[in-house]
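These are the residues of each chain, in order.
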Amino acid sequence: MPEQTKLVEVKNLKKYFPVKSTGLKKTFVQAVEAANFDIYKGETFGLVGESGCGKTTLGRTIIRLYEPTSGAIIYDGKVIYDSEKRIAEKMLPYRRKMQIIFQDPSASLDPRMTVGEIVGEALDIHKLTSSKEERTERIKTLLDQVGLNTEHANRFPHEFSGGQQQRVGIARALAVEPEFIVCDEPISALDVSIQSQVVNMLEDLQENLGLTYLFIAHDISVVRHISNRIGVMYLGCMVEMAESYELCSHPIHPYTQTLISAVPLPDPEKNKTRQRILLEGDIPSPINPPSGCRFHTRCPYATEKCSQAMPEFKEYSPGHYAACHMLDN
Ligand code: SF4
């Protein structure tokens, strides 16, 4: 069990994107709505939900690739952003500590740069090596850490498979010796046969280097495998959060129950007879989200109250949080 020291604290974090509007009223994509959670040192915190639910935006906002709309972010006890206190720290020193692995490895690598240049760029920006020999040696070590060879340093990204490109992306993130990495759907663009290799490598790196991960994915079976705790998002809101085993074996929010019921079971006979919860309708637009509980337009248990009042995100058993009026009855 990892130590329970908070590395990242997210408080009431909101991220809205303005959209072009024709009238006087400004409109926004309400991508993340008041997220509240902590990530402990050495753990993997999984973030799961349908495509478009705001999990990638939340990950990028935490490391301030996107500027938050409001709320606060505390990293290792230091406030790096607080909209109320008007604090917005310069991020360059924190870029060494907080890194990201992007979803699409080919799009995240500059096609005109060699792998050596891509991995070495971060070393140069942060002045982490003092001689050419040291830089070359460091790049070699990084490539070795992610299962690539020294000779790969002189090749261009298009000469690699998707799995190898993602390894380059991981080496680039590791170059600055970070403490915290946002893994933004790092395996969803890869072949199934390669996915487990990359997940295992991330787990080994975590153990060897003492890393903390925010692991984002839409597939709860993958998140369950790698995460200590999981947060479930729906339409910009965190709806449930608990330890991985607890959340997957005793989901209390109707949306999480739907996600869990869609995970195939290893036993084909049990799989045939199990009851799946099917949601009707599409995910609503985050430009004009439903009033009250954002899930009420698709929830099989919705009542009138659900469309009127947003449920509070509360702790229902130790470490198990959810936002649902039904749980208060
Ligand atoms: Fe469903 Fe209501 Fe609970 Fe929302 S608050 S998840 S609509 S029961």
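Residues numbered from 1 in each chain as written. Predicted model: local features only at pLDDT ≥ 70, side-chain atom pairs only at ≥ 80, totals over all residues. Heavy atoms only, no water.

Asks: Pulling in residues and values, what's your account of the site of the ligand?
Replies: The full set close to the ligand counts 13 residues, and Cys293, Cys299, Cys306, Cys324 and His325 are the nearest of them. Tallied by class, the residues present in the shell around the ligand amount to 10 nonpolar, 3 polar and no charged. (Near = heavy atom within 4 Å. Nonpolar A, V, L, I, M, F, W, Y, C, P; charged D, E, K, R; others polar.)

Asks: For helix H7 (residues 192–209), give the residues involved together with the corresponding values.
Replies: Compared with an ideal rise of 1.5 Å per residue, which puts 18 residues at 26 Å, H7 spans 26 Å between its outermost C-alpha atoms and is within 8% of the ideal. Looking only at H7, the buried set comprises Gln195, Val198, Val199, Met201, Leu202, Leu205 and Gln206. Seen end-on, H7 carries its buried residues on one side only, within an arc spanning 160 degrees. Looking at H7, the residues exposed on the side facing more than 90 degrees away from the buried face are Ser193, Glu207 and Asn208. Residues of H7 that are buried sit in contact with strand E3 (44–48), strand E7 (98–101), helix H5 (132–145), helix H6 (162–174), strand E9 (212–217) and helix H8 (220–226). The first or second residue beyond H7 is Gly210, which carries a positive phi of 65 degrees. (Helix = DSSP H or I, 4+ residues; strand = E, 2+ residues; numbered from the N terminus. Expected span 1.5 Å × (residues − 1). Buried < 20%, exposed > 50% of the residue type's maximum accessible area, 1.4 Å probe, protein only. Arc of directions from axis to C-beta. Contact = heavy atoms within 4.5 Å.)

Asks: Describe the nonpolar core, naming the residues involved and giving the relevant values.
Replies: A general feature of soluble globular proteins is that nonpolar side chains tend to end up buried together. Val119, Leu143, Ile170, Leu174, Phe215 and Val232 are the most contacted members of the largest nonpolar core, which totals 55 residues. For Phe215, the residues in contact, after removing those within four places along its chain, are Thr44, Phe45, Gly46, Leu47, Cys183, Pro186, Leu202, Val222, Val223 and Ile226. Counting residues in hydrophobic clusters, the runner-up holds 29 residues, among them Leu13, Cys53, Met98 and Ile216. (Core = buried A, V, L, I, M, F, W, Y, C linked by side-chain atoms within 4.5 Å.)

Asks: Residues and numbers for the sheet that holds strand E11 (residues 237–243), please.
Replies: In space, the 8 strands of this open sheet follow the order E7-E8-E9-E3-E10-E11-E13-E12, with mixed pairing throughout. What marks the edges here is a single partner per strand, and that holds for E7 and strand E12 (314–317). Within the sheet, the average angular offset between the axes of one strand and its neighbour, ignoring direction, is 20 degrees. With 2 bridges joining them, E11 and strand E13 (residues 320–322) adopt antiparallel strand pairing. Residue pairing in the sheet places Met241 in a bridge with Tyr321 of E13. (Pairing = 2+ DSSP bridges. Axes fitted to C-alpha atoms, helices over the stretch in contact; angles between N-to-C directions.)

Asks: Tell me what's going on with the pattern of salt bridges, and back it up with residues and numbers.
Replies: When the charged atoms of two side chains lie near each other, side chains of opposite charge can form a pair. Applying the stated criterion to the full structure yields 16 salt bridges. Note that Glu67 is salt-bridged to Arg64, the shortest N-O span being 3.0 Å. Put simply, Lys14, Glu33 and Arg294 are held in one network by salt bridges that share partners. (Salt bridge = Lys/Arg side-chain N within 4 Å of Asp/Glu carboxyl O.)

Asks: Summarise helix H4 (residues 115–125); cite the residues concerned and give the values.
Replies: Those residues of H4 lying buried are Val115, Gly116, Ile118, Val119, Gly120, Ala122 and Leu123. The elements touched by buried residues of H4 are H5 and H6.

Asks: Please provide a residue-by-residue account of the packing of aromatic side chains, values included.
Replies: When we look at a pair of aromatic rings, we describe it by the centre distance and by the angle of the planes. Tallying each qualifying case throughout the model produces 9 aromatic pairs. When the ring of Phe17 is compared with that of Tyr66, the centres are 5.2 Å apart and the planes differ by 90 degrees; the resulting orientation is edge-to-face. One end of the pair, Phe17, is in strand E1 (residues 6–19); the other, Tyr66, is in the loop between helix H1 (55–62) and strand E4 (70–75), with 49 residues separating them in the sequence. The partly exposed category is assigned to Phe17, whose relative accessible area is 26%. A centroid spacing of 5.3 Å and a plane angle of 70 degrees characterise the contact between Tyr255 and Phe295, whose relative ring orientation is edge-to-face. Residue Tyr255 is located in helix H10 (residues 254–261), and its partner Phe295 is located in the loop between helix H11 (268–273) and helix H12 (304–308); the two are separated by 40 residues in the primary sequence. On the accessibility criterion, Tyr255 (1% relative accessible area) is buried. (Phe/Tyr/Trp six-rings, centres within 6.5 Å; stacked < 30°, edge-to-face > 60°.)

Asks: Tell me about the packing of H4 against H6, residues and numbers included.
Replies: A packed helix pair is summarised by two numbers, namely the angle formed by the two axes and the spacing between the axes. Across the interface, H4 lies against H6 with an axial gap of 7 Å and an inter-helix angle of 25 degrees. Looking at the two axes, H4 sits roughly parallel to H6. Our pair here, H4 against H6, has a crossing hand that is right-handed. Listed contacts from H6 to Val115, Ile118, Val119 and Ala122 of H4 are Val168, Ala171 and Arg172. Considering only residue class, the contact of H4 with H6 consists of 6 nonpolar, no polar and 1 charged. (Parallel < 35°, antiparallel > 145°, perpendicular 65-115°, else oblique. Left-handed = near helix turned anticlockwise from the far one by under 90°.)

Asks: Would you mind going over the pairing of strand E5 (residues 78–82) in detail, with residue names and values included?
Replies: Note that E4 and E5 share 4 bridges and pair antiparallel. The residue bridging Ile73 from the neighbouring strand is Tyr81, located in E5. As consecutive antiparallel partners, E4 and E5 are separated by 2 residues, and within that stretch Asp76 has a phi angle of approximately 50 degrees, a positive value. Both E5 and strand E6 (residues 87–88) contribute to a ladder of 2 bridges, which runs antiparallel. Within E6, the position partnered with Asp82 by the bridge is Ile87. Counting the residues between successive antiparallel strands, the hairpin from E5 to E6 contains 4 residues, one of them, Arg86, with a positive phi of roughly 55 degrees.

Asks: Could you give me a rundown of unusual backbone geometry, with the residues and numbers involved?
Replies: With phi around 45 degrees, Ala34 is a residue other than glycine that occupies positive phi space. Position of Ala34 among the secondary structure elements: in strand E2 (residues 27–40). Overall, Ala34 belongs to the partly exposed group, its relative accessible area being 32%. For Lys127, which is not glycine, the phi torsion reads 50 degrees and is therefore positive. As for its position among the elements, Lys127 is in the loop between H4 and H5.

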